[in-house]
Amino acid sequence: MKNHHNGIHHITVLAGEAQRNATFYVKTLGLRMVKKSVNQDDPGTYHLFYANGEGTPGSDITFFPWPQAVQSNPGVGQAVMVSFAVPSHSKDFWTQRLNDKGVTFEGPSERFGQERIRFKDPDGLQLELVFDEKVDELPAWEKSTVSDEFGIRGFWGTTLRLQNHQPTSEVLKSVFGFEERAKEASVRLYTTDAPIGGSVIIEEAEPQASTNGRGTVHHVAFRAEDEDELKAMRREVIEMGLHPTEVIDRHWFHSVYFRSPGGVLFEIATDGPGFAVDEDPDKLGEKLILAPWLESRRKEIEAQLPEINV
């Protein structure tokens, strides 16, 4: 299996209290904290990264925790759901686990031929577990709080709620390599061949009142194999009349950001160098890691951050 696939690289979300966020994603959902860092644009706040055991692209949900943030009310022009892929035989396990953890869920129900259950994280982010045979043979993180037989393997995908699917659909297909696979009423499914992170759903809806805050998806990042492909994709975005940033060094990957035609903030991120560039792969997420250009401010930054234990 090739290492690079077209698909989702990571998804970044606004959260509330950092410890509550870490407890839910590590202890309840069984993800691995693969990086504990800070928001490079606001270094006095955390940037927390959770993923599968190896922290591979397509598995990484990240959070900016702001305890003072108001509760969100997602609307049109936003990513409104994050979907994780779990083994096809894990339905009984997950319904029991969520019950045991006091997490209210809906389902199982079927969409585009796959069963799924829906629930919210402590900050109101809409989540979904999709029972997907494509991930049955993928390895799990053996140190997870969830048995490796049933654990989350990575993203299934995300759902975008837009007024008009067409312009964003063209970006998904032309720039990111997705294909439209199915349609149910005003809902469309786009996929790639990626084993994780290979699906995007677009729901068409009329504009409605919405509020940004904790539980809001900040941006959805899509994969580029390397910086050459990143630059080529950036040129294509420009040719579509959109306005990407210059290439930004995020230390673990290089990125370009642009606002999609439907209003969702998109990022293009390189597969490498990855989270092991500054930590032993066996010790990912165990200590605060700062990008090299922030290291001289470590004392000041650490003094502003609450302690997190997972």
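Details of the structure are given in the entry above.
Residues numbered from 1 in each chain as written. Predicted model: local features only at pLDDT ≥ 70, side-chain atom pairs only at ≥ 80, totals over all residues. Heavy atoms only, no water.

Asks: Could you clarify how one ought to interpret the side chain of T28 in this entry?
Replies: Positionally, T28 belongs in helix α1 (residues 18-28). The class for T28 is buried, based on a relative accessible area of 10%. In this view, T28 contacts T23, W94, R97, K101, V103 and V146; residues no more than four positions away in its chain are not counted. (Helix = DSSP H or I, 4+ residues; strand = E, 2+ residues; numbered from the N terminus. Buried < 20%, exposed > 50% of the residue type's maximum accessible area, 1.4 Å probe, protein only. Contact = heavy atoms within 4.5 Å.)

Asks: Sorry if this is basic, but what is going on with the sheet that holds strand β10 (residues 179-184) here?
Replies: In sheet architecture, strand pairing relies on hydrogen bonds along the backbone and comes in two forms, parallel and antiparallel. In space, the eight strands of this open sheet follow the order β6-β7-β8-β5-β9-β12-β11-β10, with mixed pairing throughout. The open sheet has two edge strands, β6 (105-111) and β10, and neither has a second partner. Taking the axes of each pair of neighbouring strands and ignoring which way they run, one obtains an average angle of 25° across the sheet. The sheet contact formed by strand β5 (residues 78-86) and strand β8 (residues 126-131) spans five bridges and is parallel. Bridge pairing in β8 links F84 to L129. Seen against the sheet, helix α3 (residues 165-174) touches β9 (154-162), β10, β11 (187-191) and β12 (199-204) and runs at an angle of roughly 170° to β12. (Pairing = 2+ DSSP bridges. Axes fitted to C-alpha atoms, helices over the stretch in contact; angles between N-to-C directions.)

Asks: So what exactly am I meant to see when it comes to the sheet that holds strand β1 (residues 8-15) here?
Replies: Here we have eight strands laid out as an open sheet, ordered β2-β3-β4-β1-β13-β16-β15-β14, and mixed in their pairing. In this open sheet, the two edge strands, each paired with only one partner strand, are β2 (32-39) and β14 (248-249). In terms of strand pairing, strand β13 (residues 217-224) meets strand β16 (residues 265-273) through five bridges, oriented parallel. By the bridge assignment for β16, R223 is matched with A269. Against the sheet, helix α4 (residues 227-239) makes contact with β13, β15 (253-259) and β16, and its axis sits at roughly 165° relative to β16, the strand it touches most.

Asks: Is there a simple way to explain the packing of aromatic side chains in this structure?
Replies: All told, the structure shown has 17 aromatic pairs when counted by the stated rule. Note on F93 and F150: the rings are 4.5 Å apart at their centroids and 10° apart in plane angle, and the pair reads as stacked. Of this pair, F93 sits in helix α2 (residues 91-100) while F150 sits in the loop between β8 and β9, and the two are 57 residues apart along the sequence. Residue class for F150 comes out buried when judged on its relative accessible area of 17%. An aromatic cluster of at least three residues, connected via ring pairs, comprises F176, F178, F222, F258 and F266. (Phe/Tyr/Trp six-rings, centres within 6.5 Å; stacked < 30°, edge-to-face > 60°.)

Asks: What's the story with unusual backbone geometry in this structure? I'm lost.
Replies: Trans peptide bonds make up most of the peptide bonds, and negative phi angles are found at most residues other than glycine. Between G107 and the following residue, P108, the backbone shows a cis peptide bond with an omega angle of 10°. Note on placement: P108 falls in strand β6. Along the chain, G272 connects to P273 via a cis peptide bond; the corresponding omega equals 10°. Mapped onto the secondary structure, P273 falls in strand β16. Backbone geometry places A185, a non-glycine residue, at a positive phi of 55°. For H251, which is not glycine, the phi torsion reads 75° and is therefore positive. With respect to the helices, strands and loops of the structure, H251 is situated in the loop between β14 and β15. A relative accessible area of 18% places H251 in the buried class.

Asks: Looking at this structure, I do not really get the pairing of β8. What am I missing?
Replies: For a regular strand, side-chain orientation follows a simple rule: the groups alternate between the two sheet faces. The buried fraction of β8 amounts to six of the six residues, a majority that puts the element mostly inside the structure. Of the two faces of β8, the one carrying Q126, E128 and V130 and the one carrying L127, L129 and F131 are both buried. The pairing of strand β7 (residues 114-120) with β8 spans five bridges and is classified as antiparallel. Paired with I117 across the bridge in β8 is L129. As consecutive antiparallel partners, β7 and β8 are separated by five residues, and within that stretch G124 has a phi angle of approximately 90°, a positive value.

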